[in-house]
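Structural description and commentary
Read off the chains here:
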Amino acid sequence: MTVSLTSSTTSTGVIPFNFVSFQSTEQFHGAVREQLAQDIEVLFAYAKLPSPLVDACRYVMTGQGKLVRPLMVASAFASINSSNNERTDEPNDDIDDIDDIDTLDADLDTLLENDSDYDMSRRAALAVELLHTYSLVHDDLPCMDDDELRRGQPTAHIAFDEATALLAGDVLQTLAFEVLTAEMPTFAPFDANIASQLMAIFAPRARRMVSGQMLDLNAEASASIAQDGLEAIHRDKTGALIEAAMLMGGVCAGATAPQRMALQECAQHIGLAFQVQDDVLDVTMTTDTLGKPAGSDEKLDKSTYVKLMGVDNATSYAQSLFNDGRAAISHELHSRELSDNDYNIGTDNDALLALIEWLWSRKK
């Protein structure tokens, strides 16, 4: 589906990100963020949480986060859709090259009414962000990392209180699973087949995320840890949810078995690269830039890639992992291999490859 637009809103509301032609990373990410912000409010209206619990949940879910994981869901969804449309060369029966916003306004409600694949990707994007945010709220608690700043604002237990923050994390975790099948306004009825596949992907990786956090805490008590041990921690603590995000986006778009394998391999490289990069940024960026306390890993004497390899080697390692992630998915998206010096092919018009480039260039 290709729609040429110069705006991300219409008279009916937010234009779905799968209706926006991929003209730039900024445009696509803006459409995803607008859709997610709208869906968060729909979810909280549906959930009917009491105060101050709902206030704390809204506070942590609407901060200045990067939204990496929902962007991964949306990017994988868009890229697999685009790739499969190219391969089948099927005519588009919905919309093609609409330049007039008024024309789109007239058709939007009808087009969305039964767009269950797209709406399942919206559910998946919400789910991964809910689970990720719950983990941050709990990580920041005094019994864990005891941080006072997150996403450029006071952490939940500082802005509210410890009990409210704890319960906010609890309910965000439960909502992460409920949202996959909840009957909510503005969403098409859930697709049972896709929902079951999403749950099979999501649940074990949610468990792995928590296991990885425990392994990370155990490592803090260890005098030293080798690189393979550190990677084992982060493939679960950070990488598992990144795997879930890419795979869930692909499933919603009807990814083939080879595409799912490629998405998983890509996610495994990017998930590890993301953590290595985080360790580098923790010692090279300021608190104002990061939106959280700089140098917190050193303060807590955590095992990091910088501590293990130094800044320069860790940076090079992150870059090699990002390159491996690009290479893993590019062949399945474009039916061709990349040469060693050709990693940027397709990033101008492919959402997932562009997201990888965006992640590599991030400063927080």
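It should be emphasised that the depicted structure is a prediction, and the values quoted were computed from it without experimental measurement.

Before going further, it helps to spend a moment on the overall build of the protein chain. The helix and strand tally for the protein chain stands at 16 helices and 4 strands. A separation threshold of at least 6 residues defines the contact pool for the protein chain, and within that pool the share at least 24 residues apart is 75%. With an accessible surface of roughly 15400 Å², the protein chain has 49% of that area assigned to carbon and sulfur atoms.

Okay, the nonpolar core next. The nonpolar side chains of soluble globular proteins are, as a tendency, buried together. Counting 93 residues, the largest nonpolar core has Met72, Leu130, Leu198, Phe202 and Met248 as the members making the most contacts within it. Beyond its immediate chain neighbours, meaning those up to four positions away, Met248 contacts Ala124, Ala127, Val128, Leu180, Leu198, Ile201 and Phe202.

Turning our eyes to something else, we now look at the pattern of salt bridges. Taken as a whole, this structure holds 11 salt bridges when the rule is applied. Several salt bridges share partner residues, and in doing so they unite Arg205, Arg208, Asp236 and Glu243 into one network.

Before going further, it helps to spend a moment on the environment of Ala168. Residue placement: Ala168 occurs in helix α7 (residues 162-178). Sequence-distant contacts of Ala168, that is, excluding residues within four places in its chain, are made with Leu53, Ala56 and Cys57.

With that settled, the discussion passes to the side chain of Asp350. Turning to its location among the elements, Asp350 is positioned in the loop between α15 (311-334) and α16 (351-360). For Asp350, the side chain forms a polar contact with the side chain of Ser79, separated by 3.0 Å.

In this section: the confidence of the model for the protein chain. For the protein chain, the mean per-residue pLDDT works out to 83, and 78% of the residues sit at or above 70. Within the protein chain, α7 carries the highest mean pLDDT (98), whereas strand β1 (residues 9-10) carries the lowest (40). Predicted confidence for residues 90-114 stays below pLDDT 50, and this span has 43 contacts to residues more than four positions away or in other chains. Taken as a whole, residues 336-346 scores under 50 in pLDDT and shows 16 contacts with residues more than four places along the chain or in a different chain.

Taken together, the buried positions of helix α2 (residues 53-61) are occupied by Leu53, Val54, Ala56, Cys57, Val60 and Met61. Summarising the axial view, the buried residues of α2 lie within an arc of 160°, below the 170-degree limit, and thus occupy one face. For α2, the secondary structure elements touched by its buried residues are α1 (25-47), α5 (116-139), α6 (156-159) and α7.

Within the secondary structure, Asp39 is located in helix α1. We classify Asp39 as buried; its relative accessible area is 1%. Separated by 145 residues in sequence, Asp39 and Met184 place their C-alpha atoms 9.6 Å apart. Here Asp39 is in contact with Arg122, Leu126, Thr186 and Phe187, once residues within four sequence places are set aside. Polar side-chain contacts of Asp39 include one of 2.6 Å to the side chain of Arg122.

Quick look at α7 now. Taking 1.5 Å as the rise per residue, α7 with 17 residues should run 24 Å; its terminal C-alpha atoms sit 24 Å apart, in good agreement. Among the residues of α7, Thr164, Ala165, Ala168, Gly169, Val171, Leu172, Leu175 and Ala176 are the ones counted as buried. Looking at the packing, one finds that the buried side of α7 touches α1, α2, α5, α6 and α8 (192-220).

This part takes up the packing of aromatic side chains. The geometry of an aromatic ring pair comes down to the distance between the two centres and the angle between the two planes. Within this structure, the stated rule accounts for 5 aromatic pairs. Judged by centre distance (4.9 Å) and plane angle (40°), the ring pair of Phe177 and Phe202 falls under tilted. Taken together, the positions of Phe177 in helix α7 and Phe202 in helix α8 put the pair 25 residues apart, joining distant regions of the chain. Phe202 sits in the buried class, given a relative accessible area of 0%.

Right, let's talk about the environment of Ala354 for a bit. Positionally, Ala354 belongs in helix α16. Spatially, the C-alpha atom of Ala354 lies 9.6 Å from that of Arg326, the residues being 28 residues apart in sequence.

It is worth spelling out a negative patch on the surface at this point. A cluster of like negative charges, contributed by Asp146, Glu148, Asp161 and Glu162, occupies part of the molecular surface. Locating Glu162 in the fold gives a position in helix α7. For Glu162, a relative accessible area of 43% corresponds to the partly exposed category.

This part is about unusual backbone geometry. In the segment running from Ser51 into Pro52, the intervening peptide bond is cis, with an omega of 0°. Looking at where Pro52 falls in the secondary structure, it is placed in the loop between α1 and α2. Unlike most non-glycine residues, Lys48 shows phi in positive territory, near 50°. By the element assignment, Lys48 lies in the loop between α1 and α2.

Cut-offs applied
- Residues numbered from 1 in each chain as written.
- Predicted model: local features only at pLDDT ≥ 70, side-chain atom pairs only at ≥ 80, totals over all residues.
- Heavy atoms only, no water.
- Helix = DSSP H or I, 4+ residues; strand = E, 2+ residues; numbered from the N terminus.
- Contact = heavy atoms within 4.5 Å.
- Areas by Shrake-Rupley, 256 points an atom, 1.4 Å probe, with all protein chains shown as cover.
- Core = buried A, V, L, I, M, F, W, Y, C linked by side-chain atoms within 4.5 Å.
- Buried < 20%, exposed > 50% of the residue type's maximum accessible area, 1.4 Å probe, protein only.
- Salt bridge = Lys/Arg side-chain N within 4 Å of Asp/Glu carboxyl O.
- Polar contact = N/O pair within 3.5 Å; in protein donor to acceptor, adjacent residues only side chain to side chain.
- pLDDT = per-residue confidence, 0-100.
- Arc of directions from axis to C-beta.
- Expected span 1.5 Å × (residues − 1).
- Phe/Tyr/Trp six-rings, centres within 6.5 Å; stacked < 30°, edge-to-face > 60°.
- Patch = residues over 30% accessible without salt bridge, like charges linked within 9 Å, V, L, I, M, F, W, Y side chains within 5 Å.
- Lys, Arg positive; Asp, Glu negative; His and termini not counted.
- Charge placed at Lys NZ, Arg CZ, Asp CG, Glu CD.

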